[in-house]
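# Report on the structure
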Amino acid sequence: MIPLERFFKTKIFTAIFLLVAILFIGVFGYVLISGYSYIDALYMTVITMTTVGFGEVIPLDDQSKIFTIFLILGSVVIVGYALSIITEYILSRDHIEQLKHKRMQRKIDNLQNHVVVCGYGRNGQQTVRKLAAYNKLFVVIEKKKELEERLQIDNVPYIIGNANDDEVLMQAGIKRASSFITALPNDADNLFVVLSTRQINKNINIISRASQESSYSKLKLAGANNVILPDKIGGDHMASLVVVPGLMEFIDNLSIVGKSNINIEEIAVEKLYDTKSVKTIKDLDLRRKTGCSIIGFKDENGKYLVNPEADLELVPNSRIIVLGRPDQINGLNSLYNIE
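This one's a predicted model, so the numbers in the text were calculated from it and none came from an experiment.

### Considering the sheet that holds strand S1 (residues 115-118)
Strand pairing within a sheet occurs via backbone hydrogen bonds; the two strands may be parallel or antiparallel. Ordered in space as S3-S2-S1-S4-S5-S6, the six strands form an open sheet in which the pairing is parallel. This sheet does not close on itself; its edge strands, each paired only once, are strand S3 (158-160) and strand S6 (226-228). Across the sheet, the mean angle from the axis of one strand to that of its neighbour is 15°, orientation sign disregarded. Direction of pairing for S1 relative to strand S2 (residues 138-142): parallel, over a ladder of four bridges. From the neighbouring strand, Cys 118 faces S2, where its bridge partner is Ile 141. Packed onto the sheet, helix H8 (residues 215-222) meets strand S5 (205-209) and S6 and runs at close to 150° relative to S6.

Structural data, given as structure tokens:
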């Protein structure tokens, strides 16, 4: 909660306390001084505090009149204070929301090499959970105002706006971002956003969702590095559970959810040794040192090789894919100070 909002809530609680206090003073004062019943005393206190001008239940003696005078003076001050605080808070709520958004924007402006996620639906939320598990910096662009509360509850940095607007993309720091993920439900919207993003940042890695297979080539042509078809992936997975159930069960057990229980990871060779002198997979000897096995290789051109040979040279700008138990992966990360 920002300090200004906390300040207003503190003053509101103070005003409510004073109103309750003056109400109790009035009730017990009339009971003790004037001999009223509690109902009559409450009635007299309320009409006195609100100054509606109704008559007394029982004619007041001199002591009761003096008490009523002080009750009126106290009530005018406290009720006036309470009304001013409540009115000021209501009028300032928009201002508080503006301060929240400015604070959020300052946080986003400080991000570098972050990921911009467009859309906070089912796919967007899953994407954000995965990025958070890997401690990746990210910001979400969401058009629907009604999802703002969900974003706040999830403590997600966000911008409410239409990603089709270049200004919104700029607010999300698209020029400083390393990757852009668009998970909008409409392929046409994804296509337009990909075009806009590629125009602003030529080097950014763009990953787009697609609902129709016919959109795949269009999105690639628009500038997407990768296009994901969730329905196709889901269908293939279900069919594989019938065709090769044992294999799919094994793959499903390969956890890549978070750093604490990861089984498979891709690592740049620069993090493993000084590439000025090229080494081979055999030279690294990761199996003996960490227990992890190298199951894949990605060369400097982005081409993958499954189950590479031991004499394969790990050239600069290439990457390896390693497989192991969570403790072995953690040991590998610790050995080479990989974050």
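### Brief notes about the packing of aromatic side chains
One pass over the structure, following the stated rule, counts four aromatic pairs. Between Phe 24 and Phe 28, the aromatic rings sit 6.1 Å apart at their centres with planes inclined by 15°, giving stacked as the arrangement. Highlighted residues: Phe 24 and Phe 28, both in helix H1 (residues 3-34), separated by four residues, approximately one helical turn. Between the aromatic rings of Phe 28 and Tyr 38, the centroid separation amounts to 6.1 Å while the plane-to-plane angle is 80°, which identifies the pairing as edge-to-face.

### Comments concerning the environment of Arg 176
With respect to the helices and strands, Arg 176 occurs in the loop between helix H6 (166-171) and strand S4 (179-182). Placed 146 residues apart in sequence, Arg 176 and Tyr 30 show a C-alpha to C-alpha distance of 70 Å. A polar contact is formed between the side chain of Arg 176 and the backbone oxygen of Ile 108, at a distance of 2.9 Å. Polar side-chain contacts of Arg 176 include one of 2.8 Å to the backbone oxygen of Leu 111.

### What to know about the nonpolar core
Formed by 38 residues in total, the largest nonpolar core has its most connected members in Val 116, Val 140 and Phe 180. The contacts of Phe 180, once residues within four sequence positions are left out, are Val 116, Cys 118, Leu 169, Ile 174, Val 193, Thr 197, Ile 204, Asn 205, Ile 206 and Ile 207. Of all hydrophobic cores here, the second largest spans 18 residues; its members include Tyr 273, Val 322, Ile 329 and Leu 332.

### Looking at the sheet that holds strand S7 (residues 264-268)
The four strands lie next to each other as S7-S10-S8-S9, forming an open sheet whose pairing is antiparallel. Two strands close off the open sheet at either side, each with one partner strand: S7 and strand S9 (304-306). Adjacent strand axes in the sheet meet at a mean angle of 25°, parallel and antiparallel pairs treated alike. Sheet topology note: the S7/strand S10 (residues 319-323) ladder contains five bridges and is antiparallel. Bridging across to S10, Ala 268 finds its partner in Arg 319.

### A short note on helix H4 (residues 122-133)
In this model, H4 (12 residues) spans 17 Å end to end at C-alpha, consistent with the 16 Å of a helix rising 1.5 Å per residue. Among the residues of H4, Gly 124, Thr 127, Val 128 and Leu 131 are the ones counted as buried. The buried residues of H4 occupy one face: seen down the axis, they fall within an arc of 100°. Of the surrounding elements, those touching the buried residues of H4 are S1, S2 and S4. Backbone geometry just after H4 places Asn 135 at a positive phi near 55°.

### Topic: the environment of Phe 17
Position of Phe 17 among the secondary structure elements: in helix H1. Sequence separation of Phe 17 and Asn 123 is 106 residues, and the distance between their C-alpha atoms is 47 Å.

### Quick word on the pattern of salt bridges
Under the definition given, this model contains five salt bridges. Between Glu 266 and Arg 319 there is a salt bridge, and its shortest N-O distance comes to 2.7 Å. Residue Glu 266 is found in strand S7, and its partner Arg 319 is found in strand S10; the two are separated by 53 residues along the sequence. For Glu 266, a relative accessible area of 31% corresponds to the partly exposed category. Between Arg 325 and Asp 327 there is a salt bridge; the shortest N-O distance is 3.4 Å.

### With respect to the packing of helix H7 (residues 187-200) against H8
Running from N to C, H7 and H8 cross one another at 15°; their axes reach a closest spacing of 8 Å. By the angle between their axes, H7 is roughly parallel relative to H8. In this structure, H7 crosses over H8, and the sense of that crossing is right-handed. On H8, the residues touching Asp 187, Asn 190, Leu 191, Val 194, Leu 195 and Arg 198 of H7 are Ser 215, Lys 218, Leu 219 and Ala 222. Looking at the contact of H7 with H8, its residues break down into five nonpolar, two polar and three charged.

### A look at a nonpolar patch on the surface
On the surface, Phe 13, Ile 16, Val 20, Phe 24, Phe 28, Leu 32, Ile 33 and Tyr 38 cluster together into a nonpolar patch covering about 850 Å² of accessible area. Looking at which element gives the most residues to the nonpolar patch, the answer is H1, with seven residues. Inspection of the secondary structure puts Ile 16 in helix H1. Accessibility expressed as a relative area gives 46% for Ile 16, which makes it partly exposed.

Analysis parameters
- Residues numbered from 1 in each chain as written.
- Predicted model: local features only at pLDDT ≥ 70, side-chain atom pairs only at ≥ 80, totals over all residues.
- Heavy atoms only, no water.
- Pairing = 2+ DSSP bridges.
- Helix = DSSP H or I, 4+ residues; strand = E, 2+ residues; numbered from the N terminus.
- Axes fitted to C-alpha atoms, helices over the stretch in contact; angles between N-to-C directions.
- Contact = heavy atoms within 4.5 Å.
- Phe/Tyr/Trp six-rings, centres within 6.5 Å; stacked < 30°, edge-to-face > 60°.
- Polar contact = N/O pair within 3.5 Å; in protein donor to acceptor, adjacent residues only side chain to side chain.
- Core = buried A, V, L, I, M, F, W, Y, C linked by side-chain atoms within 4.5 Å.
- Buried < 20%, exposed > 50% of the residue type's maximum accessible area, 1.4 Å probe, protein only.
- Expected span 1.5 Å × (residues − 1).
- Arc of directions from axis to C-beta.
- Salt bridge = Lys/Arg side-chain N within 4 Å of Asp/Glu carboxyl O.
- Parallel < 35°, antiparallel > 145°, perpendicular 65-115°, else oblique.
- Left-handed = near helix turned anticlockwise from the far one by under 90°.
- Nonpolar A, V, L, I, M, F, W, Y, C, P; charged D, E, K, R; others polar.
- Patch = residues over 30% accessible without salt bridge, like charges linked within 9 Å, V, L, I, M, F, W, Y side chains within 5 Å.
- Areas by Shrake-Rupley, 256 points an atom, 1.4 Å probe, with all protein chains shown as cover.

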